[in-house]
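These are the residues of each chain, in order.
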Amino acid sequence: MRYTTPEVTEIRRQSSSEYIKAVHKKIAERNAGESEFLQATWEVFSSLKPVIEQHPEYIDHGILERLAEPERLIIFRVAWEDDEGKVHVNRGFRVQFNSTLGPYKGGLRFHPSLTSSVVKFLGFEQIFKNALTGLPIGGGKGGSDFDPKGKSDREIMRFCQSFMTELSRHIGPDIDVPAGDIGVGKREIGYMFGQYKRIRNAYEAGVVTGKNPDNGGSLVRKEATGYGTVYFVEEMLKGEGKTFAGSKVIVSGSGNVSIYAMEKAIEFGATVIACSDSEGYIYDPSGIDVETVKQLKEVERKRIYHYLESHPNARFGNDNTEIWTIPCDIALPCATQNEISRESAHALVDNGLKALGEGANMPCDEEAVRVLTNNGVLFAPAKAANAGGVAVSAMEMSQNSMRYSWTAEEVDEKLQTVMKSIYRSCIETAEQYGQPGNLIAGANIAGFKKVADAMIAYGLH
Ligand code: NDP
Ligand code: 2IT
């Protein structure tokens, strides 16, 4: 089979890097103004030259063109009523990007900055991340521009019910399985699962993951992304004869990923000296007390500056870019996309940064990645480093299918096995395609190949 249009015949005559650029140019025209989506697609495509050179069949089958076009993008109205009886309207999204390897799988984000560009960048990344886990899951993502901050528990419930009333038509345990992301944790997942169950009149536990472990959730799902990031970075450090033990670590954010990255880094012997939320950062040179952060964020839902009330020696700053000017050995950005710019990357390098692990999705912009990698910083890309969350989500699906649950120790052991295997596969693939030690190339090519080969095997669609 050969994907043939006159344009493709022409670009087949060009070099593979020209071919990749030409395809991306078309993607940029078709998705004009979607800067995050174009950033994420280029980030993957720019790694693919060696693999396209060795495998021209990917051109014949139009793999790049097909991968960048979501199988389905659903946009819907979410109307809900606040506690005063006032009606609000938000926008809901679900991008069902690629179902080659399994049901669409990926989180839901509730944040006012959510747009179709952001949903599509996250869904696109998810295809390759999920492929790297080696588990049977396709790629998807969704959410809403709803802002959960300052809403009462009843308002959150009403919003989640309204959101799921529409989303329920499009998902199912073998179709599409959402989970949490920014602004969506086990409370929101609980309300959404409850509404789905009510609409379907069936207890399909595997329709969402990240449920409360008392009600069908997997143990260690809450911890999985943060722990997994630290497991991955520890493997990367070990490869260079280094370790977390004795190092100074900065972890941005203070949400789900951040808290458990801090917890595991400390368990591995590091001192975490700073973390943040969207209103500022705290610096505690004697070491952040994670239990206080958990109490503030998970229980009281308060701002991070309240940390100073029980830790008066810590400092607070309201300019989040300053967190990256504090000297540290290891940086784990765990808040949001593009939080590390070229300037921040330079500041980190100047202060002697040794390694960076992306706990968040695309936290380093393109120039920041260049600065870090050109200066010898060990770099663990998001697709590989933060895949532990979705990996344990896939394990939650397995447990739900079996109507059985594994112990925390069993899940944690499987998580460690997955993270080590992703690391090995990135290292081996980078080596095989002539870029030894380049985990970005390794992750992009390994994830891409797995999906591309299966897309060819399943025929054109
Ligand atoms: P949470 O909502 O639990 O926490 C997000 C944290 O980041 C909060 O401290 C939040 O501050 C801060 N933050 C969010 N948006 C911004 C912003 N625009 N500017 C500055 N700070 C911000 O989300 P998660 O921990 O679940 O997600 C964090 C990152 O990890 C995201 O990139 C997500 O896509 C990624 N990720 C999450 C996974 C998961 O399993 N949850 C899995 C893999 C990746 P505030 O509370 O003030 O808003
Ligand atoms: O970005 C991510 O990998 C997630 N938000 C987790 C997705 C999932 O389905 O657990």
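The following paragraphs examine the structure supplied in this document.

Scoring rules and cut-offs
What you see as residue numbers is a count from 1 along each chain, following the sequence as written. Chain A is the first chain written and ligand 1 is the first ligand written, with later ones labelled in order. Local features in this predicted model are restricted to residues of pLDDT 70 or higher, and side-chain atom pairs are both shown and tallied only at a pLDDT of 80 or more, whereas totals for entire chains, interfaces and linings draw on every residue. Where side-chain values are given, they derive from all heavy atoms of the structure, hydrogens and water being excluded. Partly exposed describes any residue whose relative accessible area lies between the buried limit of under 20% and the exposed limit of over 50%, with all areas from a 1.4 Å probe on protein chains only and scaled to the type maximum. The helix and strand labels rest on DSSP assignments: H or I over at least four residues marks a helix, E over at least two residues marks a strand, and numbering proceeds from the N terminus. Pairs of residues are marked as contacts when any of their non-hydrogen atoms sit within 4.5 Å. The criterion for strand pairing is that DSSP finds at least two bridges linking the strands in question. Lines fitted to C-alpha atoms define the axes here, with helix axes fitted over just the stretch in contact, and angles between the N-to-C directions of these axes take values from 0 to 180 degrees. The near set for a molecule or strand comprises every residue that places at least one heavy atom within 4 Å of it. Within 3.5 Å is the distance limit for a polar contact, defined as a pair of N or O atoms, with the added protein rule that one can donate a hydrogen and the other accept it, and that residues adjacent in sequence qualify only through two side-chain atoms. Just so you know the grouping, Ala, Val, Leu, Ile, Met, Phe, Trp, Tyr, Cys and Pro go in nonpolar, Asp, Glu, Lys and Arg go in charged, and all remaining residues, Gly too, go in polar.

1. Quick word on helix 14 (residues 342-350)
Link 1 in the chain: Where helix 14 is concerned, the buried positions are S344, A345, A347, L348 and V349.
Link 2 in the chain: Residues of helix 14 that are buried in the fold lie against strand 10 (330-332), strand 11 (355-357) and helix 15 (366-374).
Link 3 in the chain: Within two residues after helix 14, G352 carries a phi angle of roughly 90 degrees, on the positive side.

2. Some words on the sheet that holds strand 12 (residues 378-380)
Link 1 in the chain: Pairing in this open sheet of seven strands is mixed, and the strands run 9-8-7-6-10-11-12 from one edge to the other. Strands at the two margins of the open sheet, each flanked by one partner only, are strand 9 (315-317) and strand 12. Strand-to-strand twist of the sheet, defined as the mean angle between neighbouring strand axes without regard to direction, takes the value 15 degrees.
Link 2 in the chain: Bridging between strand 6 (residues 248-251) and strand 7 (residues 271-277) involves three bridges; their strand directions are parallel. Note on strand 7: the bridge partner recorded for K248 is T271.
Link 3 in the chain: Packing against the sheet, helix 11 (residues 256-267) makes contact with strand 6, strand 7 and strand 10, and its axis sits at approximately 175 degrees to strand 7.

3. Details of the site of ligand 1
Link 1 in the chain: Near ligand 1, the surroundings consist of 25 residues, among which D181, T225, S278, R303 and N361 are the closest.
Link 2 in the chain: S278 has a polar side-chain atom sitting 2.5 Å from an oxygen atom of ligand 1.
Link 3 in the chain: For ligand 1, an oxygen atom lies 2.4 Å from a polar atom in the side chain of R303.
Link 4 in the chain: Split by residue class, the shell around ligand 1 holds five nonpolar, 13 polar and seven charged.

4. Overview of the pairing of strand 3 (residues 104-110)
Link 1 in the chain: Of all seven residues making up strand 3, seven are buried, and the element is well covered by its neighbours.
Link 2 in the chain: In this sheet, strand 5 (residues 176-179) lies alongside strand 3 in parallel orientation, the contact comprising four bridges. Note on strand 5: the bridge partner recorded for Y104 is D176.
Link 3 in the chain: Strand direction decides the pairing type here: strand 3 and strand 4 (residues 139-144), joined by three bridges, are parallel.

5. As for the environment of P363
Link 1 in the chain: By secondary structure assignment, the location of P363 is in the loop between strand 11 and helix 15.
Link 2 in the chain: Here P363 falls in the buried class, since its relative accessible area comes to 0%.
Link 3 in the chain: Excluding residues within four positions of it along the chain, P363 makes contact with P333, T336, Q337, N338, E339, I340 and E358.

6. What about the sheet that holds strand 5?
Link 1 in the chain: The five strands lie next to each other as 1-2-4-3-5, forming an open sheet whose pairing is mixed. Two strands bound the open sheet, and with one partner strand each, they are strand 1 (72-81) and strand 5. Each neighbouring strand pair of the sheet contributes to a mean axis angle of 20 degrees, computed without reference to strand direction.
Link 2 in the chain: Strand contacts of helix 8 (residues 153-167): strand 1, strand 2 (87-98), strand 3, strand 4 and strand 5, with the helix running at about 145 degrees to strand 1, the strand carrying the most contacts.

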